[in-house]
Amino acid sequence: MTGSVHLPTAADVAEARANIAGIARRTPLWRLDVDTPGVNIHLKLETLQPLGSFKIRAAVNAIKTMLKTDGPEALRGGVLAASAGNFGQGLARAARDMGVPATIVAPDSAAQTKTAALEAMGARVIRIPFDDWWQVLTSRRFDGADGVFFHPVADSAVLAGNATIGAEILEDLADFDTVVVPFGGGGLVSGIGSVLRRVKPGVRVVVVESEAAQPLAAAFAAGRPTKVTHAPSFIDGMGSSIVLDEMWPLIRKTVDETVCVSLAEIADAIRLLAAKHHVIAEGAGAAAVAAALSGRVGGAEIVCIVSGGNIDLSKLGPIMSGEAPV
């Protein structure tokens, strides 16, 4: 899908909530069971979604929005996406239910558990080097693959699907001052942030990045998207080499600041979530918790978006044993 990207309106979010009802879950908001004097940390557990990630909200809403606009004939040739796995899973499930083919182009760093799940749903998975994958993401095309391209980040319906998380938080927690969101491409924070800006503008929206890549911090420092080094790590759901041009204006409207956490801090947060709440989080999913626990976020009532839990056992095992794999 192409076209300009805009922040969702209240009507867009209401329609998205109707579109995903019965498919995506309304996930719970739990208080983190850790002694942090003067600070309460709340967990928005998107790990409990049917496919283990918030991305099902975005994918389902994107497909249903297109069907309402263009009709089912538009998708007869199938769907295509560039995804590290979580958005692709949501898209592949919707495509399977519709009886149309799905092709997902994934970076070679994508978790095996994610690509295996895609193949189990009947999707064709093509793994390519990260830089080549990024080119597919920005060009919205891949030679040799048919289907309508659905962008996992820069799409208005994707943002509206993500915004449903913000609407749920506002209904479930009366008083909070900070929301911490992991940064992959900016679709999650832009969606959630748009709701908060409209309904509760005093809430600070903080993006968390890891030491493996900090494209948003670099963009804020330079006043424009700036290319940074993207180092391979066990975190495959966040971090890129640059902020997408079409997302930059939206991010500037919805984000207050960025915080960086180390890979070791994220590994510690993964262990903590498993030990305290039996929650399995992938690296990006635990990043917001790592930031809140670091004390660098500020705030007294903090909501952390635990975005997903699809992590390879080959990575989870060493982390749970006290290591921080690269």
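Source: prediction; values computed, not measured.

Spatial ordering of the open sheet is given by β1-β2-β10-β7-β8-β9, a layout of six strands whose pairing is mixed. Pairing within the sheet leaves two strands with one partner each, and these edge strands are β1 (29–31) and β9 (257–261). Mean inter-strand twist for the sheet, computed between neighbouring axes without regard to direction, equals 30°. The sheet contact formed by strand β7 (residues 178–182) and strand β8 (residues 204–210) spans five bridges and is parallel. The partner of Val 179 across the bridge, within β8, is Val 205.

This part is about helix α5 (residues 130–139). For an α-helix, 3.6 residues make a turn, and residues three or four places apart therefore share a direction. Listed as buried for α5 are Phe 130, Trp 133, Trp 134, Val 136 and Leu 137. Each buried residue of α5 lies within a common arc of 155° when the element is viewed along its axis, so the set occupies one face. Packing partners of the buried residues in α5 comprise β3 (79–82), β4 (102–107), β5 (124–128) and β6 (148–149). Directly beyond the C-terminal end of α5, a positive phi value near 60° is found at Arg 140.

Turning our eyes to something else, we now look at the nonpolar core. Ranked by internal contacts, the top residues of the largest apolar core, which has 42 residues, are Trp 133, Phe 176, Val 179, Leu 216, Met 247 and Ile 305. Counting residues per element, this core draws most heavily on α5, which supplies five residues. Setting aside residues no more than four positions away along its own chain, Met 247 makes contact with Val 5, Val 153, Ala 154, Leu 159, Gly 185, Gly 186, Gly 187 and Ser 190. One finds Val 206, Val 208, Cys 304 and Ile 311 within the second-largest nonpolar core, a separate group that totals 36 residues.

Here the focus is the sheet that holds β6. Across a sheet, paired strands are connected by hydrogen bonds in the backbone, their directions being either parallel or antiparallel. Read from one edge to the other, the open sheet built from four strands follows the order β5-β4-β3-β6, with strand pairing classed as parallel. Sheet topology places β5 and β6 at the edges, where each strand pairs with a single neighbour. Relative to β6, β3 runs parallel, the two being bridged by two bridges. Bridge pairing in β6 links Leu 80 to Phe 149.

Put simply, helix α10 (residues 263–277) and helix α12 (residues 313–320) touch, their axes get as near as 9 Å, and they point 85° apart. Relative to α12, the element α10 lies roughly perpendicular. Every residue of α12 that contacts α10 at Ala 267, Ile 270, Arg 271 and Ala 274 is listed here: Leu 316, Ile 319 and Met 320. Across the contact of α10 with α12, the residue classes tally to six nonpolar, no polar and one charged.

Time to look at the pattern of salt bridges. Within the structure shown, the criterion is met by 17 salt bridges. A salt bridge links Asp 97 to Arg 96; the shortest N-O distance between them is 3.8 Å. Given the relative accessible area of 56%, Asp 97 is considered exposed. By relative accessible area, Arg 96 is classed as partly exposed at 45%. Residue Glu 282 is joined to Lys 114 by a salt bridge in which the shortest nitrogen-to-oxygen separation is 2.9 Å. Pair noted here: Glu 282 is in the loop between α10 and α11 (283–294) and Lys 114 is in helix α4 (residues 112–120), with a separation of 168 residues, a long-range link. Here Glu 282 matches Lys 114 in class, with each residue buried.

A few words now on empty space enclosed by the protein. Counted according to the given criterion, the structure contains one cavity of 30 Å³ or more. Roughly 540 Å³ of volume is contained in the largest cavity. Of all elements in the fold, only α3 (86–98), α5, α6 (156–172) and α7 (187–199) reach the threshold of two or more residues within the lining of the largest cavity. Element by element, the count of residues in the lining of the largest cavity is highest for α5, at four residues. The residue inventory of the lining of the largest cavity, partitioned by class, reads 21 nonpolar, 16 polar and four charged.

Position of Val 125 among the secondary structure elements: in strand β5. Under the relative-accessibility criterion, Val 125 is labelled buried at 19%. Note: C-alpha distance between Val 125 and Lys 64 (61 residues apart in sequence) is 23 Å.

Analysis parameters
Here the residue numbers are simple positions, counted from 1 along each chain's written sequence. Side-chain atom pairs in this predicted model are given and counted only at pLDDT of 80 or more, local residue features only at pLDDT of at least 70, and totals for whole chains, interfaces and linings cover all residues. Note that water and hydrogens are dropped before the side-chain values are worked out from all heavy atoms of the structure. By this definition, two strands are paired if DSSP reports at least two bridges between them. Secondary structure elements are taken from DSSP: a helix is a run of H or I of four residues or more, a strand is a run of E of two residues or more, and numbering for both begins at the N terminus. Here an axis means a line fitted to C-alpha atoms, over the contact stretch when the element is a helix, while the angle between two N-to-C directions is reported on a 0 to 180 degree scale. Relative accessibility thresholds used throughout: buried, under 20% of the residue-type maximum; exposed, over 50%; partly exposed, between the two (1.4 Å probe, protein chains only). Directions pointing from the helix axis toward each C-beta atom define the arc. Whether two residues are in contact is decided by their heavy atoms: any pair within 4.5 Å suffices. Take the buried Ala, Val, Leu, Ile, Met, Phe, Trp, Tyr and Cys residues and link them wherever side-chain atoms come within 4.5 Å; each set so joined is a nonpolar core. Should an angle lie under 35 degrees it is considered roughly parallel, over 145 roughly antiparallel, and from 65 to 115 roughly perpendicular; all remaining angles are considered oblique. Charged means Asp, Glu, Lys or Arg here, nonpolar means Ala, Val, Leu, Ile, Met, Phe, Trp, Tyr, Cys or Pro, and polar covers whatever is left, Gly included. Salt bridges are defined by distance alone: a side-chain nitrogen of Lys or Arg within 4 Å of a carboxyl oxygen of Asp or Glu. With a 1 Å grid laid over protein atoms only, a set of points is called a cavity when a 1.4 Å probe fits there but cannot get out and a pocket when it is open yet has protein on both sides within 12 Å along at least five of seven lines; lining residues have an atom within 4 Å of a point. Grid points are joined across faces, edges and corners, and a volume is the space filled by probe spheres set on the points.

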